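Structural overview
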Amino acid sequence: MEAILTVNNLKTTFLTGSGAVQAVRGISFQVGKGEIVGIVGESGSGKSVSSMSILRLLPGTARIDRESSIVFDGQELTGLTPKQLRQIRGKRISMIFQDPMSSLNPLIPVGKQVEEMLKIHHKELTREQLRRQVLELFGQVRIPEPEKRLKEFPHQFSGGMRQRVMIAMALANKPDLLIADEPTTALDVTIQDQILKQLRTLQQESGASIIFITHDLGVVAELCQRVLVMYGGLIMEEAPIDDLFENPGHPYTMGLMASIPALNQDKTGRLPSIPGSPPDMTNPPQGCPFAPRCPYARKICAAQCPPYVSLGENRRSMCWLLQPDAPAENNPFRKEAAR
Amino acid sequence: MAKYFAKRVGMMILSMLAICLITFSLMHAVPGGPFTSDRKVAEEVEAALNEKYGLDKPLPVQFLSYMKGLLHGDFGPSYKYTGKTVNEFIENGFPVSGRLGFITIVFVLLASIPMGILAAVRNGKWQDMLIMAAATIGVTIPSFVIASILVYFFSYRLGWMPSYGLDSWKGYILPVVTLGGYSVSYLARLTRSSLLEVMGQDYIRTARAKGLSEFKIITRHALRNALLPVITVLGPTVANLLTGSFVVENIFAIPGLGKYFVNSVSQRDYTTIMGVTIFYAAFLMAMVLVVDVFYCLIDPRIQYE
């Protein structure tokens, strides 16, 4: 598959009073044309920061490492001037954010906010053309009574409706890549489902690529073709969606799967969870970041970061236990093979 | 909406009544009266004067008769300046104070908001530090000190501007700077902190993601949001500046309204105390109402019921 986005060795650091927080510590991945890639991880894993780094939407304290490379459609983004980057923002790459309640300007009617997105990149459009396009976009994302709604303000919209406005805005200029940063996290489950279905339909119609960031493996299963599992600012595992669920290739992924409540769950028992908490990113561990919480951790795990092991096409994982010379005792991957 | 503002005006009238009553009571609770003086005055003379102005009557009667005059727009005669009425003080003083105040307001707005914006945009850089240092000085140093320093340099040393009077446009410069110094500093700080807070909001990130330039992000998305708290403070500031300042008018010998606020109290000039207090209170309440109307126009989330 032809790549629309190639990220190579992305490192993003925040300068804070208590030291440099290494939020993203060198990640590399590709997104194919028309592909939906999920990035999964818990809070603080670096998944949002990775996605914001692409369009440089991070606060002023963030620094992207000089050696990082982000190539979008043959163009290196890291060296672009702010002006050049603005030509890409909103036009070729657009974003949907987590919190629809605060992501729209409270003082501007929603129609105007969507219209602005068109106007910035298409100065030739007349007022009437703009209006018609906004109405069309509102129709596409199923906002009822678009004529009336576009004059209303964000506070007159429910969370789900606001996220639809955000999606309409993001799709306005038919971008090649849509980055959705937890777009359904703040919504309740029924609305979540509607929004996901809509995103998929819109993606099929437009052929845009999507990077979908979430902490919800269920959402990933529903939407994505390929998944990156992030932890401690690194990609722990990358796998096509079916392979990941059938045969997780990293102890962290296994832990995440075990934490998904089942429908026939024993309601008196405790929901399984991964003990411990994510590493302190001002002083990230030398070895595998998951080692302190890993039930299979060995001495080497804390001392040295494991290299990626290829587990097939589009599949890699970062775990010492996948090495050919890893001991078979207390090794989840060997047990699988023995079975 | 109209109903809400009608209710507000009703409340204002009630507040005004309370202000009249409280001022009247406090004023009479202070020992002495307008005709008490250091020199020995014959008791009969003082009694005759008190009788002439109705000060011998019981306080509730005095209050009612004052309020009756007030309803007809009559603030009564001054007890200290024979032949003068409080209406004359206000009619003569307010245009002077008002004009100076109006120019000061324009100066304050033109200086403080751009300063605040510049400081916020250059957050942490030398422009920010310079503006914030100046603003801190402006907030902390009292106006009479600033006035003395300005007069010393610009009038005495350099001779560029007159040290008193408003006879030419030059005469306005020092009083305006002195009068507006505090407000400029305060509002610049407020604009800066408010804008910095707004710039960290999610919808600003959305605006950036759209591909807007920083300039358009500030002018179209951030500023209106950031100016809401500034407008809140602006209401009382406008009322203060328009009604004159005792210190500034005293230093620059400006025949405004400001001096009556202090002098009338020390002289126990009852009608003048009441007059200027009511005038100021009415102004302040009107400005607060204006602020609420502005709020309503700027922020669609605010719906007055």
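Looking at the overall build of chain A
Counting its secondary structure elements, chain A contains 12 helices and 13 strands. Against the 2.2 N^0.38 benchmark of 20 Å for 339 residues, chain A shows a C-alpha radius of gyration of 21 Å, consistent with a compact globule. Taken over the C-alpha atoms alone, chain A extends approximately 70 × 50 × 40 Å along its principal axes. With 339 residues in all, chain A has 43% of them scored as buried. Sequence separation of 24 or more characterises 64% of the internal contacts of chain A that already satisfy a separation of 6 or more.

As for the overall build of chain B
Each helix and strand in chain B was counted, giving 12 helices and 0 strands. Its C-alpha atoms give chain B principal-axis dimensions of roughly 85 × 60 × 30 Å. Looking at chain B as a whole, 33% of its 305 residues are labelled buried. When contacts within chain B are restricted to residue pairs at least 6 apart in sequence, long-range pairs at least 24 apart make up 71% of them.

Some remarks on the interface of chain A and chain B
Opposite the 23 residues of chain A that make contact, chain B presents 18 residues. At the level of secondary structure, the elements contributing two or more residues to the side of chain A that touches chain B comprise α2 (82–88), β7 (93–96) and α3 (110–121) of chain A. In terms of residue count, the dominant contributor to the side of chain A that touches chain B is α3(A) (4 residues). Classifying every residue of the side of chain A that touches chain B gives 10 nonpolar, 8 polar and 5 charged.

Observations regarding the sheet that holds strand β13 (residues 316–318) of chain A
All names here are of chain A. Ordered by their spatial adjacency, 8 strands build an open sheet running β7-β8-β9-β3-β10-β11-β13-β12, and the pairing between neighbours is mixed. Single-partner strands in this sheet number two, and they are β7 and β12 (308–310). Within the sheet, the average angular offset between the axes of one strand and its neighbour, ignoring direction, is 20°. Alignment of strand β3 (residues 36–40) against strand β9 (residues 209–214), held across 5 bridges, turns out to be parallel. Counterpart to I39 in the pairing with β9 is I213.

What to know about the environment of A:S43
You can see A:S43 is positioned in the loop between β3 and α1 (47–55). C-beta crowding within 10 Å serves as the criterion here: with 8 such atoms nearby, A:S43 is assigned to the exposed category.

Regarding the pairing of strand β2 (residues 19–32) of chain A
Residues and elements named next belong to chain A. For strand β1 (residues 3–16) and β2, the ladder comprises 11 bridges, and the chain directions are antiparallel. The residue of β2 that forms the bridge with L15 is A20. Between β1 and β2, which pair antiparallel in sequence order, lie 2 residues.

Focus on the confidence of the model for chain A
Here chain A averages 88 in pLDDT, and 99% of its residues register 70 or above. By mean pLDDT, helix α12 (residues 332–338) of chain A is the weakest element of chain A at 64, and strand β5 (residues 69–72) of chain A is the strongest at 94.

Let's talk about the packing of helix α8 (residues 202–210) of chain B against helix α9 (residues 214–242) of chain B
Residues and elements named next belong to chain B. Where α8 contacts α9, the two axes come as close as 10 Å, and the packing angle between them is 145°. Crossing geometry of α8 relative to α9 is assigned as right-handed. Facing Y203, I204, A207 and R208 of α8, the residues of α9 in contact are I217, H221 and A222. In terms of residue class, the contact of α8 with α9 is made up of 5 nonpolar, 1 polar and 1 charged.

Describing unusual backbone geometry
Trans peptide bonds make up the majority, and among non-glycine residues the majority have a negative phi. With a phi close to 45°, A:E182 is a non-glycine residue in the positive phi region. Locating A:E182 in the fold gives a position in the loop between β8 (177–181) and α7 (189–206). Here the phi dihedral of B:A253 falls at roughly 50°; this positive angle occurs in a residue that is not glycine. Among the structural elements, B:A253 can be located in the loop between α10 (246–251) and α11 (258–266). Taking the number of C-beta atoms within 10 Å as the measure of exposure, B:A253 has 13 and is therefore partly exposed.

Brief notes about helix α3 (residues 59–71) of chain B
In a regular helix each residue adds 1.5 Å, so 13 residues correspond to 18 Å; α3(B) covers 18 Å between its end C-alpha atoms and thus fits that length. Once α3(B) finishes, B:G73 follows within two positions and takes phi at roughly 80°, a positive value.

Quick notes on the nonpolar core
Residues A:V114, A:A168, A:F212, A:V229, A:M230 and A:M236 are the most contacted members of the largest nonpolar core, which totals 94 residues. It is helix α6 (residues 159–171) of chain A that provides the largest number of residues to this core, a total of 8 residues. Once you skip the residues sitting within four places of it in the chain, A:V114 turns out to touch A:V134, A:L137, A:V165, A:A168, A:M169 and A:A172. Within the second largest apolar cluster, 40 residues are counted, among which are B:V108, B:A119, B:L174 and B:L241.

Focus: helix α7 (residues 169–199) of chain B
All names here are of chain B. The end-to-end C-alpha distance of α7 is 40 Å, clearly below the 45 Å that 31 residues give at a rise of 1.5 Å each. A maximum bend of about 50° is found in α7 at G180. Burial runs high along α7: 23 of the 31 residues are buried.

A few points about the packing of α9(B) against helix α12 (residues 270–298) of chain B
Any two packed helices are characterised by how steeply their axes cross, that is the angle between the axes, and by the distance between the axes. Residues and elements named next belong to chain B. Relative to each other, α9 and α12 sit at 160°, their axes nearing to 8 Å. In terms of orientation, α9 lies roughly antiparallel with respect to α12. When the axes of α9 and α12 are compared, the crossing they make is right-handed. Mapping the contact onto sequence places R224, L228, I231, T232, L234, G235, P236, V238, A239 and L242 in α9 and F283, L284, M287, V288, V290, V291, F294, Y295 and I298 in α12. Per-class residue counts for the contact of α9 with α12 are 16 nonpolar, 2 polar and 1 charged.

Quick look at the pairing of β1(A)
Residues and elements named next belong to chain A. Relative to β5, β1 runs antiparallel, the two being bridged by 4 bridges. The residue of β5 that forms the bridge with V7 is I70. In the sheet, β1 pairs with strand β4 (residues 62–64) via 3 bridges, with the strands oriented antiparallel. Within the sheet, the bridge partner assigned to T12 lies in β4 and is I64.

Quick word on the environment of A:P109
Residue and element names in this part refer to chain A. Along the chain, P109 falls in the loop between β7 and α3. Taking the C-alpha atoms as reference, P109 lies 4.4 Å from F153; in sequence the two are 44 residues apart. For P109, the contacting residues outside a window of four places in its chain are L150, K151, E152 and F153.

What counts, and at which threshold
- Residues numbered from 1 in each chain as written.
- Chains lettered and ligands numbered in written order.
- Predicted model: local features only at pLDDT ≥ 70, side-chain atom pairs only at ≥ 80, totals over all residues.
- Helix = DSSP H or I, 4+ residues; strand = E, 2+ residues; numbered from the N terminus.
- Rg over C-alpha atoms; globule rule 2.2 N^0.38 Å.
- Buried ≥ 20, exposed ≤ 12 C-beta atoms within 10 Å, placed from the backbone.
- Contact = placed C-beta atoms within 7 Å.
- Nonpolar A, V, L, I, M, F, W, Y, C, P; charged D, E, K, R; others polar.
- Pairing = 2+ DSSP bridges.
- Axes fitted to C-alpha atoms, helices over the stretch in contact; angles between N-to-C directions.
- pLDDT = per-residue confidence, 0-100.
- Left-handed = near helix turned anticlockwise from the far one by under 90°.
- Expected span 1.5 Å × (residues − 1).
- Core = buried A, V, L, I, M, F, W, Y, C linked by C-beta atoms within 7 Å.
- Bend = angle between axes of the 7 residues up to and from the residue.
- Parallel < 35°, antiparallel > 145°, perpendicular 65-115°, else oblique.

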